[in-house]
Amino acid sequence: MPSFAKQGVNMLKRGFALIVALYMVVMCAVGCQRSSGTADVHVFYYTYSDTYISGVRGALDTALKEMGLSFQDYDSNSNQTTQTEQVQTAITKGAKVILVNLVNTGSDDAAGGIVSMARNAGIPVIFFNREVSDSVISSYDQAVYVGTKAEEAGQLQGDMIGSYLKENFSKVDLNGDGQISYVLFKGEEGNNEAIYRSKYSVENANAILEGAGLSKLKFYDSANTSGYLVDKNGQWSAAAANEYMNTALASYNTKNKNMIELVICNNDGMAQGAITALNGAGFNLGKDSVSVPVFGVDATDAAKELIREGKMTGTVKQDAEGMAKALATLAGNAVSEGTELMANTDEYAIDENVNKIRIAYAPYFG
């Protein structure tokens, strides 16, 4: 064959190969999203640094893997603008369902905006852990909330504190003035869980004390009219509680005969921070050391260990595994053709007239 003929054949072959390659690229762009790494389930956490949320994340990751569901996790780092942008990007990429641990819960604006995005995309949205209003959930038939009853943790914690003090009042009353001086660490302003935990932990404890003929709790600092110290960054952090506690102990101590005699915390992370400060002052070292009762919420592994060591008194168990199981069930429903979003949820307590699944709390003394 003449050389020019061979060159023509080779050019035709190369052209055909190029056409085939371009065709494959186009077809993959249309139909190969899963293989290129796009997940079906997108999970947005308000922050990875929250100890309880880390437990939920670990349990949910495991459950989704066992179900064979593709997923992607996001850390919003306590920034609502970041989270909203992350949600928008995930929806644009083709998310089939979004699970949102909302950052800002003080108003309906953030939750309502996310619901609008999900509705426009025609995909379900599952909020969890941080309460979203009934009106937001009811505004979209493919919206669900999974969480606890906000007041239940505070009520249980208050009952635990009241019962403990009723049995140990004279031991806890370090200065013998007939009152228990307490500090309360609040995780965040404008958050229902923080509000109710702060409110009922004191109210329920006082009801038990008064019923036993004992004096009500007294906030350690009479100049503080709010009756709590709040994490100003809204992160429910051990660091915030530790800083507050160290500052308080410099003035309120056994030497001045006004020692803080009880520590109430909205979560176990803040309890850990307070205990570290108490340790530095010679308290709550375990065994036979003088201890100030410390109560938290979540029953994290770290808190359970502190309770075993005798450095912490009690906590309220928030079931991370139970929440993850419910979320995984809903996510599985969302990506299954023809399955109702609320299918397979009969085992859970569900609010009347709104799609809100409740995970129960439980007291934990070790």
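Our subject is the structure listed above.
Residues numbered from 1 in each chain as written. Predicted model: local features only at pLDDT ≥ 70, side-chain atom pairs only at ≥ 80, totals over all residues. Heavy atoms only, no water.

Caption draft 1: View of the overall build of the protein chain. Counting its regular elements, the protein chain contains 11 helices and 14 strands. Here the protein chain holds 366 residues, and 49% of them are scored as buried. Restricting to contacts in the protein chain with at least 6 residues of sequence separation, those with at least 24 account for 71%. Accessible surface for the protein chain amounts to roughly 17000 Å². Of this, 50% is attributable to carbon and sulfur atoms. (Helix = DSSP H or I, 4+ residues; strand = E, 2+ residues; numbered from the N terminus. Buried < 20%, exposed > 50% of the residue type's maximum accessible area, 1.4 Å probe, protein only. Contact = heavy atoms within 4.5 Å. Areas by Shrake-Rupley, 256 points an atom, 1.4 Å probe, with all protein chains shown as cover.)

Caption draft 2: View of helix 6 (residues 150–172). Helix length check: helix 6 (23 residues) gives 29 Å between terminal C-alpha atoms against 33 Å at 1.5 Å per residue, more than 12% under. Within helix 6, the axis deviates most sharply at Lys 166, by approximately 65 degrees. For helix 6, the set of buried residues is Ala 150, Ala 153, Gly 154, Leu 156, Gln 157, Gly 158, Met 160, Ile 161, Gly 162, Leu 165, Phe 169 and Val 172. In this fold, the buried residues of helix 6 make contact with helix 7 (192–211), strand 9 (262–265), strand 10 (294–298), strand 11 (314–318) and strand 14 (361–364). (Expected span 1.5 Å × (residues − 1). Bend = angle between axes of the 7 residues up to and from the residue.)

Caption draft 3: Spatial organisation of the sheet that holds strand 5 (residues 143–147). The mixed open sheet is built from seven strands, whose spatial order is 2-1-3-4-5-13-12. Single-partner strands in this sheet number two, and they are strand 2 (71–75) and strand 12 (349–350). Contacts from helix 4 (residues 109–121) reach strand 3 (97–100) and strand 4 (125–128), with the element oriented near 155 degrees to strand 4. The sheet contacts of helix 11 (residues 320–335) involve strand 1 (41–45), strand 3, strand 4, strand 5 and strand 13 (356–358), and relative to strand 5 the element is tilted by about 165 degrees. (Pairing = 2+ DSSP bridges. Axes fitted to C-alpha atoms, helices over the stretch in contact; angles between N-to-C directions.)

Caption draft 4: Structural detail: the pairing of strand 5. Here strand 5 lies mainly inside the structure; five of its five residues are buried. Here strand 4 runs beside strand 5; their pairing, made up of four bridges, is parallel. Bridged to Ile 126 within strand 5 is Val 144. Bridge analysis of strand 5 against strand 13 gives three bridges, and the strand direction is parallel. Looking at the pairing, Tyr 145 lines up with Lys 356 of strand 13.

Caption draft 5: Representation of the side chain of Ser 76 within the structure. Inspection of the secondary structure puts Ser 76 in the loop between strand 2 and helix 3 (80–93). Judged by relative accessible area, which is 0%, Ser 76 ranks as buried. Only 2.9 Å separates the side chain of Ser 76 from the side chain of Gln 86, close enough to count as a polar contact. Setting aside residues up to four positions removed in sequence, Ser 76 forms contacts with Tyr 45, Tyr 46, Thr 82, Gln 83, Gln 86 and Val 103. (Polar contact = N/O pair within 3.5 Å; in protein donor to acceptor, adjacent residues only side chain to side chain.)

Caption draft 6: Region of the structure containing the packing of aromatic side chains. Enumeration over the complete set of coordinates arrives at 10 aromatic pairs. On the numbers, 5.3 Å between centres and 80 degrees between planes, the contact of Tyr 182 with Phe 219 is edge-to-face. Of this pair, Tyr 182 sits in strand 6 (residues 181–186) while Phe 219 sits in strand 7 (residues 218–219), placing them 37 residues apart in sequence. We note that Tyr 182, like Phe 219, is buried. Among the aromatic side chains, those forming a connected cluster through ring pairs are Tyr 182, Phe 219, Tyr 220 and Tyr 252. Sitting above the plane of the Tyr 46 ring, Arg 130 keeps its charged end 3.9 Å from the centroid. (Phe/Tyr/Trp six-rings, centres within 6.5 Å; stacked < 30°, edge-to-face > 60°. Lys NZ or Arg CZ within 6 Å of the ring centre and 35° of its normal.)

Caption draft 7: Quick peek at the environment of Asn 333. Take Asn 333: it is sitting in helix 11. Residues Asn 333 and Pro 124 lie 209 residues apart in sequence; the distance between their C-alpha atoms is 9.9 Å. The residues touching Asn 333, leaving out its near neighbours within four places in the chain, are Thr 339, Glu 340, Leu 341, Met 342, Ala 343 and Asn 344. At a separation of 2.9 Å, a polar atom in the side chain of Asn 333 contacts the main-chain carbonyl oxygen of Leu 341.

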